[in-house]
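# Topology and contacts: notes
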Amino acid sequence: MEGGMEKAAPFKVDHSPEFKMMQMHLKLVVFDMAGTTVSDNDDVARAFQAAFTKNEIDVRLEAINPLMGYRKPEAIRLILEEKRVAFEEVLINRI
């Protein structure tokens, strides 16, 4: 240990035929790290807020932030229910 911190184990690269075959089929990999690994300065919550505003629904960031980490359709549904907005699945998809 240096300075009280443990060294990370060395990263091992997989050169197996199975891994190479999988790589050939990958087109895109997305990691959702905002708010978990990377500080996003409320960018995700503000994007949510803008989507609601675009649909003429006023939502404060304080109502959105506790729902970060939820599946997006579920978070939208919970906000709409809290605001007592009548909605159908089409509205959730639009937001």
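In this convention, every chain numbers its residues from 1, walking through the sequence in written order. Local features in this predicted model are restricted to residues whose pLDDT is 70 or higher, and side-chain atom pairs enter the listing and the counts only when it is 80 or higher, whereas totals over whole chains, interfaces and linings include all residues. Side-chain calculation: all heavy atoms of the structure are included, whereas hydrogens and water are not.

## Quick look at a nonpolar patch on the surface
Inclusion rule: Patch membership requires more than 30% relative accessible area and the absence of a salt bridge. Residues of like charge join within 9 Å; the nonpolar side chains Val, Leu, Ile, Met, Phe, Trp and Tyr join within 5 Å. For accessible areas, the Shrake-Rupley method is used with a probe of radius 1.4 Å. Any residue's cover is judged against the shown protein chains and nothing else. Take a side-chain nitrogen of Lys or Arg and a carboxyl oxygen of Asp or Glu: if they are within 4 Å of each other, that pair is a salt bridge. Starting at the N terminus, helices and strands are each numbered in turn, a helix being any DSSP run of H or I of at least four residues and a strand any DSSP run of E of at least two.
A cluster of nonpolar residues, Leu-26, Val-29 and Phe-31, forms a patch on the protein surface that exposes about 330 Å² of accessible area. Tracing the backbone shows Phe-31 in the loop between α1 (17-25) and α2 (43-54).

## Here we look at unusual backbone geometry
Here Asp-42, not a glycine, exhibits a phi torsion of approximately 65°, which is positive. Here Asp-42 is to be found in the loop between α1 and α2. One non-glycine residue with positive phi stands out, namely Arg-84, at about 55°. Relative to the helices and strands, Arg-84 is located in the loop between α4 (72-82) and α5 (89-94).

## Considering the confidence of the model for the protein chain
Should pLDDT be low for a region, the predicted coordinates there are not to be read in detail. Short version of the rule: Scored from 0 to 100, pLDDT reflects the predictor's confidence in each residue.
Residue-level pLDDT values for the protein chain average 82, and 78% of them are 70 or greater. Within the protein chain, no element has a lower average pLDDT than α1, which sits at 71, and none a higher one than helix α3 (residues 61-64), at 94.

## Some remarks on the pattern of salt bridges
Proximity of charged atoms lets side chains of opposite charge pair with each other. What counts here: Type-normalised accessible area, obtained with a 1.4 Å probe on protein chains alone, sets the label of each residue: buried when under 20%, exposed when over 50%, and partly exposed for intermediate values.
Taken as a whole and judged by the stated rule, the model has 3 salt bridges. Among the ionic pairs, Arg-60 bridges to Glu-62, the shortest N-O distance being 3.4 Å. For the pair Arg-60 and Glu-62, a shared accessibility class is recorded, and that class is exposed. One network of salt bridges, in which partners are shared, links Glu-74, Arg-77 and Glu-89.

## A word on α2
The condition that has to hold: Between the first and last residue of a helix there are one fewer steps than residues, each counted as 1.5 Å, and that sum is the expected span. To be clear, the arc concerns the directions from the helix axis to the C-beta atoms. Any two residues whose heavy atoms approach within 4.5 Å are treated as being in contact.
Between the first and last C-alpha of α2 there are 16 Å, a value that for 12 residues agrees with the 16 Å anticipated at 1.5 Å per step. Taken together, the buried positions of α2 are Ala-45, Phe-48, Ala-51 and Phe-52. End-on, the buried residues of α2 take up no more than an arc of 120°, which puts them together on one face. Contact partners of the buried residues in α2: α3 and α4. Just downstream of α2 lies Glu-56, where phi reads positive at about 60°.

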